[in-house]
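# Per-entry structural report
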Amino acid sequence: MDDTKLHLGIEAGEVLLKVALYDPTEKKVVKTAILNTETNPLDDVSSFETALQNWLAENEGAQIDTVSLTVSSFRAIVRQLFVPPEAKNVREYLQWYLGNLVNADVDEYVMDFVELGGSADLGRTILMIAMRKAWVNSIRKGFRNQQIAPKILEVDALSLMNLLEEAGMLDNKIQCVIKADVTGVMLLWASKDDLRALRCCSTLNLAGKEREEAYALLSGNIAKQVEDAALANDATVEKYLLCGELATDLLFVENLRKALGDKPISQMDSFPEIRLPVDEESASHVLSCAGAIGVALRSAKQ
């Protein structure tokens, strides 16, 4: 690799890391990979750092400018809410709101927010994210080598929204992204300034089942969440975007398509405004690494 400064995005899974290197000068994802950690990297930061160091050693020519991390939205509290104009201090209002959601002291959480729309005079639409401070500190302070410690930490819902926006695919029309991983499925309904709904499907009840039975059950559960979101959140779409580890499994995709009434499903493996890696190994991981790509793009904007 040349001297171009690259942005490294990482998504932490249950027992693995998904990584993506992004070149902002070429607007290209130059490499993706999946690294096994054997333990949960958020709970075992040592294994996280070792796996990352080993991979960077294999790619020693890469000049890393920033390192960013995204984690499951279900490790955090993610809420879209309206902050009335009477609330002059948005952060104080959100701390009050968070205090009514949790059974712990709000000081035990790291809270941040994104302003989606509105104004101080009319009120603001805010996306609030709060995560346990213990988890955040374990990442910020647990790395022995602070040069590769992630400086940006966000949730995968935001990373996927950022990927769609930077790739020229996020507009004012609600879209549904299905991020289907072996450890669980996240469903995200979003437009440019609206996170309409965020839902999940567990895969714990699939243990011990044959693939055909497991995929049929999981697809049915996803379809139920889609139906519920349409009723409860006015989140109706005509097509779906699919990424995650299961997105490359044709049997799962076919089951999902049938469960969703044969509506179009587009895999997130090509983008109008972002080039993707062409080497076979990296290309095979693009669907799994969508979150990592999204957070790498985030750091490129900072």
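Cut-off values and rules
Residues numbered from 1 in each chain as written. Predicted model: local features only at pLDDT ≥ 70, side-chain atom pairs only at ≥ 80, totals over all residues. Heavy atoms only, no water. Helix = DSSP H or I, 4+ residues; strand = E, 2+ residues; numbered from the N terminus. Rg over C-alpha atoms; globule rule 2.2 N^0.38 Å. Areas by Shrake-Rupley, 256 points an atom, 1.4 Å probe, with all protein chains shown as cover. Pairing = 2+ DSSP bridges. Axes fitted to C-alpha atoms, helices over the stretch in contact; angles between N-to-C directions. Contact = heavy atoms within 4.5 Å. Parallel < 35°, antiparallel > 145°, perpendicular 65-115°, else oblique. Left-handed = near helix turned anticlockwise from the far one by under 90°. Nonpolar A, V, L, I, M, F, W, Y, C, P; charged D, E, K, R; others polar. pLDDT = per-residue confidence, 0-100.

### As for the overall build of the protein chain
Per the secondary structure count, the protein chain includes eight helices and 13 strands. Its C-alpha radius of gyration of 19 Å places the protein chain within 12% of the 19 Å reference for a compact globule of 302 residues. Reported as C-alpha extents along the three principal axes, the dimensions of the protein chain are approximately 55 × 45 × 40 Å. Element-wise, carbon and sulfur atoms account for 47% of the exposed surface of the protein chain, whose accessible area totals about 14,300 Å².

### Regarding the sheet that holds strand E6 (residues 109-119)
Here we have three strands laid out as an open sheet, ordered E5-E7-E6, and antiparallel in their pairing. If you trace the sheet from one side to the other, it starts and ends with strand E5 (76-83) and E6, each paired once. Neighbour-to-neighbour, the strand axes of this sheet turn through a mean angle of 15 degrees, independent of strand direction. As paired elements, E6 and strand E7 (residues 123-132) share 10 bridges and run antiparallel to each other. The residue of E7 that forms the bridge with Val 114 is Leu 127. Lying over the sheet, helix H2 (residues 90-99) contacts E5, E6 and E7, oriented at roughly 120 degrees with respect to E6.

### Focus on the packing of helix H4 (residues 156-166) against helix H8 (residues 290-301)
Axis separation between H4 and H8 bottoms out at 7 Å; the angle between their running directions is 70 degrees. Relative to H8, the element H4 is oriented roughly perpendicular. You can see that H4 and H8 cross each other, and the crossing is left-handed. The residues of H8 that touch H4, namely those facing Leu 158, Ser 159, Leu 160, Asn 162, Leu 163 and Glu 166, are Ala 290, Gly 291, Ile 293, Gly 294, Val 295, Leu 297, Arg 298 and Lys 301. In the contact of H4 with H8, the residues fall into seven nonpolar, four polar and three charged.

### So, the packing of helix H1 (residues 45-58) against helix H3 (residues 133-142)
Axis separation between H1 and H3 bottoms out at 10 Å; the angle between their running directions is 45 degrees. Looking at the two axes, H1 sits oblique to H3. For the pair H1 and H3, the sense of crossing is right-handed. Of H3, the residues touching H1 (which contributes Val 45, Phe 48 and Glu 49) are Ser 138, Ile 139 and Gly 142. Grouping the constituent residues of the contact of H1 with H3 by class yields three nonpolar, two polar and one charged.

### What to know about the confidence of the model for the protein chain
Looking at the protein chain as a whole, the pLDDT averages 93, with 99% of positions reaching at least 70. The lowest-confidence element of the protein chain is H3, averaging 90 in pLDDT; the highest-confidence one is strand E12 (residues 240-243), averaging 98.

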